[in-house]
Amino acid sequence: MRRYVLWGLVIGASFLSHTSAAAQQPAAPGQPAQPGVVIVSSNKCAFDAPSRLDSLNALAFYPVLDELVREGRLMGWGVLTHAWGDEWNYVVYYTAASTPAFHGAWDELVRRLRQRRPNFMADVTAQCTEHKDNIYGVMRVGAPPPAPR
């Protein structure tokens, strides 16, 4: 289990790599000097639930997450499913500048979802049997990949 959580963190941290150069330089006014946090939301779902969840989330959840990234409330997000491993088979991760920034973005996400699709959260939670969240401080991020030539 730890190995898969670790891989999830590695993958999540790789999406932060585009911020590593900025994180290693002095922070701009109002910007954190640290690389941020990765929030991992793991779910135990029926074998065929991930594809249903992906379709359901594409209707409202993913578009709102994209809005929050464009607004600067989140740094990024993604969805992971495993091809091999334990029963935590549908994972959504979020990257944010800080834990308080994530909580603010999450509150806004829930507000918008309730406004646009009042039954959305109930529809999603019905697809899985268990859920857990973890917030990890990003300790180190590797160098960004070289720019294409």
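Residues numbered from 1 in each chain as written. Predicted model: local features only at pLDDT ≥ 70, side-chain atom pairs only at ≥ 80, totals over all residues. Heavy atoms only, no water.

1. Observations regarding the pairing of strand β3 (residues 88-96)
Buried residues dominate β3, accounting for nine of its nine residues. For strand β1 (residues 37-45) and β3, the ladder comprises eight bridges, and the chain directions are antiparallel. Looking across to β3, one finds that Asn-43 is bridged to Tyr-90. Across five bridges, strand β2 (residues 76-80) lies against β3 in antiparallel orientation. Residue Trp-77 lies in a different strand from β3, and its bridge partner there is Tyr-94. (Buried < 20%, exposed > 50% of the residue type's maximum accessible area, 1.4 Å probe, protein only. Helix = DSSP H or I, 4+ residues; strand = E, 2+ residues; numbered from the N terminus. Pairing = 2+ DSSP bridges.)

2. Regarding the side chain of Ser-41
Looking at the secondary structure, you find Ser-41 in strand β1. A relative accessible area of 7% places Ser-41 in the buried class. Here Asp-133 takes part through its side chain, which lies 3.0 Å from a polar atom of the side chain of Ser-41. The contacts of Ser-41, once residues within four sequence positions are left out, are Tyr-90, Val-91, Val-92, Tyr-94, His-131, Lys-132 and Asp-133. (Polar contact = N/O pair within 3.5 Å; in protein donor to acceptor, adjacent residues only side chain to side chain. Contact = heavy atoms within 4.5 Å.)

3. A closer look at the environment of Gln-127
Examined against the element boundaries, Gln-127 turns out to sit in the loop between α6 (120-125) and β4 (128-137). The spatial distance from the C-alpha of Gln-127 to the C-alpha of Leu-53 is 7.2 Å, given a sequence separation of 74 residues. Setting aside anything within four residues of it in sequence, one finds Gln-127 in contact with Cys-45, Ala-46, Ala-49, Arg-52 and Leu-53. One polar contact links Gln-127 to Arg-52, side chain to side chain, over a distance of 2.9 Å.

Remember that the coordinates give geometry; whether it matters functionally is a separate question.
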